[in-house]
Amino acid sequence: MTVEHWSMQHPVFGRLDVFLGDAASLHTLDPDFPDGEDVAASKKEKKKVADKVFGYLATKVLVQRDGTTLARCDALQEHKVSLEDNAKLKPGKYHSNYTTSKPMLQIQTNLTNSWVTDIRVKDDRGWVNFDPPAGSKAEKRLEEMEASPFKRWLYPLIGGVGKGGWALVALVLLPMLGRLLPDWHLPDIPWPEINWPSINWPEINLPDINLPEFHLPRWLDPVLPVLDFLAEYSKVWVPVVVGIVVGILAVRNNRKSKDRKAEWEAEWKAVQEDDPEGSVDKEQ
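Residues numbered from 1 in each chain as written. Predicted model: local features only at pLDDT ≥ 70, side-chain atom pairs only at ≥ 80, totals over all residues. Heavy atoms only, no water.

**What to know about the nonpolar core**
Phase 1 of the analysis: Ranked by internal contacts, the top residues of the largest apolar core, which has 23 residues, are Val18, Val63 and Leu105.
Phase 2 of the analysis: Excluding residues that lie within four positions of it along the chain, Val18 makes contacts with Glu4, His5, Trp6, Val61, Leu62, Val63, Leu105, Ile107 and Ile119.
Phase 3 of the analysis: Judged by nonpolar contacts, the second largest core, of five residues, contains Phe19, Ala23, Leu26 and Leu62. (Core = buried A, V, L, I, M, F, W, Y, C linked by side-chain atoms within 4.5 Å. Buried < 20%, exposed > 50% of the residue type's maximum accessible area, 1.4 Å probe, protein only. Contact = heavy atoms within 4.5 Å.)

This is the structure we're talking about:
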């Protein structure tokens, strides 16, 4: 399996590298990466069959900062990796170094977790995206987004809505499938009866409060059926709305990421002009 290499030179966190590949390939990059030699033969044979059918199941993740390993993940999926040193990481073991606080590195995948769509870093100023590797699916996706204003919004929206799509499947399609499937009559189980002791609770007479009657204005009559529908199917439309918001935020964060990178390039260019021979770096 070819290793997919994502890389970023961050002005604060240094060089950040994310490698995607099989265990054997990543073991050559990190000698402490599990190479699978300790897996039982039967389990290894089953894994080989699964890898032939679903090649992406073999994809592992290696995250490094300035050559120091921060995370070893045994599956390709969305990860949020802390950029602080991973004290819990042991040689020959997987550990995702998961976090929800900054600074973090986030790996985003497509709906089936078969390939990486984005990798980005969150610091005190927000998100900054990695540039996708040449020839990767992520690079093709980015080129299509940059070439088409429609796809620039469509792809993040699809990804965002997809995060809530499983809720739609569970709440809409599963009940429909349940009606099509035959009824299964499970055997009755005679559970024992338990006679709980009765407790005589004291009666509390609360005072009657006469609240004033409230009538909604008539102009709300057309709105009430819509509100009733939204209330009844909130579990369906809420994930979709959340997904749309996620998509919009993705577009906004991508714009901010480009602005941040432009600032870095301007700063590095200014440093090179002031110190063309790199004497400052030599002294450090």
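Now that the structure has been shown, the text picks up again.
**Here we look at the pairing of strand 3 (residues 60–65)**
Phase 1 of the analysis: Here strand 3 lies mainly inside the structure; five of its six residues are buried.
Phase 2 of the analysis: In this structure, strand 2 (residues 14–21) lies alongside strand 3, joined through six bridges in antiparallel fashion. If you follow Asp17 over to strand 3, its bridge partner there is Gln64.
Phase 3 of the analysis: The pairing of strand 3 with strand 4 (residues 68–73) spans five bridges and is classified as antiparallel. Directly across from Val61, in strand 4, lies its bridge partner Cys73.
Phase 4 of the analysis: Adjacent in sequence and paired antiparallel, strand 3 and strand 4 are bridged by two residues, among which Asp66 carries a positive phi angle near 50°. (Helix = DSSP H or I, 4+ residues; strand = E, 2+ residues; numbered from the N terminus. Pairing = 2+ DSSP bridges.)

**Side note on the side chain of Ser136**
Phase 1 of the analysis: Residue placement: Ser136 occurs in the loop between strand 8 (126–129) and helix 3 (137–147).
Phase 2 of the analysis: A residue is classified by how much of its surface remains accessible, and Ser136, at 7% relative accessible area, is buried.
Phase 3 of the analysis: Reaching out from Ser136, the side chain makes a polar contact with the backbone nitrogen of Glu139 at a distance of 3.1 Å. (Polar contact = N/O pair within 3.5 Å; in protein donor to acceptor, adjacent residues only side chain to side chain.)

**Some thoughts on unusual backbone geometry**
Phase 1 of the analysis: Omega for the peptide link from Lys102 to Pro103 comes to 0°, which places this bond in the cis form.
Phase 2 of the analysis: Mapped onto the elements of the fold, Pro103 is located in the loop between strand 5 (79–82) and strand 6 (104–109).
Phase 3 of the analysis: For Asp66, which is not glycine, the phi torsion reads 50° and is therefore positive.
Phase 4 of the analysis: You can see Asp66 is positioned in the loop between strand 3 and strand 4.
Phase 5 of the analysis: Its identity is not glycine, yet Asn113 carries a phi of approximately 55°, on the positive side.

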